[in-house]
Each structure stands twice: as structure tokens, then as C-alpha cells.
Number of protein chains: 2
Amino acid sequence: MFAQTAIPIPATPSHFQDPDVRDLLAQSQPGTVSYYPADAMIYAQGDDTGPLYLVEFGTVRICQMTADGRRQITSFCYAGDVFGLEPGEEHECCAESVDGAGIRMLRPANSAGFAQKLLGFALRHFARMQSHLVLLGRLSANEKMASFLCDLLDRQDTGDTVVLPMQRSDIADYLGITFETVSRVLRVLKDRGIIRVTALDRIEILDPGALRTLSD
Amino acid sequence: MFAQTAIPIPATPSHFQDPDVRDLLAQSQPGTVSYYPADAMIYAQGDDTGPLYLVEFGTVRICQMTADGRRQITSFCYAGDVFGLEPGEEHECCAESVDGAGIRMLRPANSAGFAQKLLGFALRHFARMQSHLVLLGRLSANEKMASFLCDLLDRQDTGDTVVLPMQRSDIADYLGITFETVSRVLRVLKDRGIIRVTALDRIEILDPGALRTLSD
DNA sequence: CGACCAATTGAATTGATTCAAGGTCCGTGG
DNA sequence: CCACGGACCTTGAATCAATTCAATTGGTCG
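Residues numbered from 1 in each chain as written. Chains lettered and ligands numbered in written order. Predicted model: local features only at pLDDT ≥ 70, side-chain atom pairs only at ≥ 80, totals over all residues. Heavy atoms only, no water.

**Q** Honestly, the pairing of strand β5 (residues 60-65) of chain B in this entry has me stumped. Any pointers?
**A** It is a general feature of regular strands that their side chains alternate between the two faces of the sheet. Residue and element names in this part refer to chain B. Counting buried positions over the six residues of β5 gives five, a clear majority of the element. Pairing of β5 with strand β6 (residues 71-77) involves six bridges; the strand directions are antiparallel. Bridged to Met 65 within β6 is Arg 71. Where β5 hands over to β6, the hairpin turn is made up of five residues, of which Gly 69 adopts a positive phi near 95°. (Buried < 20%, exposed > 50% of the residue type's maximum accessible area, 1.4 Å probe, protein only. Helix = DSSP H or I, 4+ residues; strand = E, 2+ residues; numbered from the N terminus. Pairing = 2+ DSSP bridges.)

This is the structure in C-alpha cells:
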């Protein structure tokens, strides 16, 4: 609503292999890709629900706030991910660009086949949230970080290096810890020889096995 | 699969007002009601997915375990709730009866309209998980308990009294704390005059306003 | 180069856990 | 009917993981 500095970008065909995404695109009226600079709001809490959003490039965070301003990031969405699916007329969460993201809006066709597709997406998202619940409720800070890094490692195909498009406070609010703890945990993993921080936003996984063991 | 002491009970018509549940029943092949005594497993992690389950009476807990045996209860299901919806061929979580529960199995019709109904259920469940994420990641033990009690108060229509069908360790594993902390938090709420514990499984809410304020 | 924001590190504090000791509830059997 | 046993719950004391607050370092951009 406010601070939306969306710069339209010429429509380009989506290049995703994921057959489910292709189907979804085929069964909806895909719009053009809009560019949202870092920290720009895509939709706010209270905005009308309706359209879905496909991440073409970049990263998006889905946030929910408590009354007194604490933030929980419920998920990060990367290229190929779909977000914006929520019950009710109004969004409960807000979506923000993390690092400059290209977003394609999808106006859902109101067909039954579309619901079937959406159900698939919802269920997949479901499984993610399920394990996020375990992470938040039952893992230590070290385990949370290890689990997060493993997740990124699996999703990115950048070899043994993980790219962190978000800053420490985002990671903290995703993992339910403070950003200082994120720093300290990274140091622990470094000292144990499990990772190497090659840049602020780049981590080399030296011992994936150890990381997975830790992540539980 | 093991320890399943399900005792068939004569089929009785579902008495739920919820139009969505009625629709779901109409569009599936509802089975008879089975009784699962306390702590009986309804399905285990790894069991085949497929049927849905409707809680006719009693309470069900959906659990996920870490490799080393820590447990996170991802949701409690009460009369009228539907569970068992998961992506993939196998269940990631297990479902157990908490206090002796009557469960009706629903074999989904493979119609498109059915997917639409399921999508609705999935999205509603979704919103619940979303706020559970905030609870686990960003609330203090006191706030978690207050939030839990508010939720029960809203769901049950037993006036200002809340019934706890589950034991302390279940609450603990749902809130991401220990059962000792559950006890201590209840004591704090008692000392502040917000609640009164009239029985082990019965809590009178003396000051709902204070509870809601606390809950976030 | 200087200014600013992000990230790291340190020290003190705290909220929650762990471990251990009672207490309460409830069913069972004498 | 009451004593006993076991499971659950409560409470206390010590410990610990993570937070808070504060200072410093590092990186980036005009």
C-alpha cells in the first residue's frame, strides 16, 4: 500500500521447470513482472486477498507481527515459489521483498481444476510449516541454524556454498532467536570447522554431514 | 498400526452444524465411527495417506518427533475438526487419541468439487499454524499459556470455564516448553487472579480481559 | 575519507530447564 | 471403607541457554 515502489518490467515468459508451476500459470491470467526493491511491501496485513504471487527472481519474506511489534517470519519464498494463498478476505500476514524481487501476479481462474492445483501447493507449503513448527518449538539455537542452512543448501544448486539473501535480523526472526544469537551460532559452526563465512552473505559448507547431524 | 484398540461403534449421523463439514460428508463416503481409547494411535508416521478423519467426540493430537525423541504437537483436534490431510504418499506426523476419541473415516470422492472443499479446510488450518508459528517463535511461556487458554475459551462454549482434555506434558509439547513450566505458569496466572484451577482438567477464567492482553 | 548501517563480540542478566523431592488424585484390592 | 501403589502434577534449587545492553569492528556508498 505505502512504500510500494514497484517498477513494471517487460513481461517475460516464466522459465520454471516445475510442472506444477507451469500448470498454475496455464490456468490463471498471469500478469507482468513487477520489481520490488529491498524492503518494499508487496502486500500488507489487512489488504484484500485474491491474487497469487509467483517469485520470478529474488527473495520474499512473509511476516506476522505481535501487537507489541515483535516479528515472526513464517517463510521465505525464493524463485519459483508461490505465495499469497490465505483464507479469508484479508491478509493476516504481510509480504515484503528482501533483496529486490521480481514478482508475477496471478489472477486465479475460478475453475475447479485450479482449486486442485492450489490444494497441491497448499499441502506442500503445509509440510514446510509443519517442520518449521518443530524447529521453533523443539530445537536449540545451534540446531535451528544448522537446519536453516541445510534447507538452503538443498534448495540452491550452488554446490557447497550457500547464499544468504537476507540479513541476520531476518534469519533471527525466522528462527525465533535474536540476531546476536545468529552471529554467535555462526561463530560456533565456524569454530567447529563445519562452515566458512566467505562473505557476509555467502557461507561455504565444509562438512555437510556434520551440519545435517546437528540439524537433526 | 500397533496398539490400535479401535472399537467399532454403530454409525450415527453426524450432528455438526458447520456447513463445510456437512458438505464434506456429503461429498465423501463416510465410514462408521471408531473409538480410540486414550493414547491409542490413529495413524503413525510413515503410514499411507489417503483417508481423512473427522473427530466426532474427544480430542486428537497431531505429533511430530525429532530424531532423538523430542516431540512437538502441531495441533489438537476437537469435535468437528478434520485431520489427516497431508502432501505425499506417507504421513509425516502421527495422530493419537488424547482422551478417548470417536473418529469417522472419510474416503474422499475424487471430484473437483471435493478439492475445492479440501482447499478451504487446508487454508483454515493454515491460518491456525501461522499463529502457532508466532506463538512458538516469539511469545514467552506466560504468553503462550494465555494464548492457549484463550483459544480453548473461544472454541468451547462452556461459559467462563475451560476444560483441558490433555495432560500437562501434552500442553507443554504443544507450546514448546516443559511440563514443569506449564505448572509454574498456571501458578503465576492463579496468583495474579486471572484463573482458578477448579480441577486438574478444569480452569475457570476469572479475568478474560487480562488473559487476552497477556496472550499478545 | 567520513558517515552510516550491519554484524560481531563481550559481560551481565534472565527466563526457562534440569534434576530432585514432595504432593495429589484415583483406581484396585484387601 | 480404607490402605496401597502408581501416574500425574506441583514446587524448589541449581544450572544453563539465550537475551539484553553496550561497545567495537567491518563493509558500503556518497
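**Q** I tried to follow the environment of Phe 121 of chain A on my own but got confused; where do I start?
**A** Residues and elements named next belong to chain A. Its place among the elements puts Phe 121 in helix α2 (residues 112-138). Since its relative accessible area comes to 13%, Phe 121 is described here as buried. Separated by 18 residues in sequence, Phe 121 and Leu 139 have C-alpha atoms that sit 26 Å apart.

**Q** Teacher, can you tell me more about the packing of helix α4 (residues 168-175) of chain B against helix α5 (residues 179-191) of chain B here?
**A** For any two helices packed against each other, the geometry is given by the interaxial angle and the distance between the axes. Residue and element names in this part refer to chain B. The contact between α4 and α5 brings their axes to 8 Å, and the two run at 100°. By the criterion of interaxial angle, the relationship of α4 to α5 is roughly perpendicular. Of α5, the residues touching α4 (which contributes Arg 168, Ser 169, Ile 171 and Ala 172) are Phe 179, Val 182 and Leu 186. (Axes fitted to C-alpha atoms, helices over the stretch in contact; angles between N-to-C directions. Parallel < 35°, antiparallel > 145°, perpendicular 65-115°, else oblique. Contact = heavy atoms within 4.5 Å.)

**Q** Honestly, the side chain of Asp 173 of chain B in this entry has me stumped. Any pointers?
**A** Here Asp 173 of chain B shows up in helix α4. Polar contacts involving the side chain of Asp 173 of chain B include one to the side chain of Arg 71 of chain B, which spans 2.7 Å. Asp 173 of chain B has contacts with Arg 138 of chain A together with Arg 71, Gln 72 and Ile 73 of chain B, leaving out every residue within four places of it along the chain. (Polar contact = N/O pair within 3.5 Å; in protein donor to acceptor, adjacent residues only side chain to side chain.)

**Q** Sorry if this is basic, but what is going on with the interface of chain B and chain A here?
**A** For an interface, size is often stated in terms of accessible area lost upon the parts coming together. In this assembly, 42 residues from chain B lie in contact with 42 residues from chain A. Surface buried jointly by chain B and chain A totals about 3,600 Å² across both partners, of which 67% is contributed by carbon and sulfur atoms. By the criterion of area lost to chain A, the three top residues of chain B are Phe 126, Leu 133 and Arg 138 of chain B, representing 21% of everything that side buries. On the surface where chain B and chain A come into contact, there are five salt bridges. (Buried area = accessible area lost by both parts, 1.4 Å probe. Salt bridge = Lys/Arg side-chain N within 4 Å of Asp/Glu carboxyl O.)

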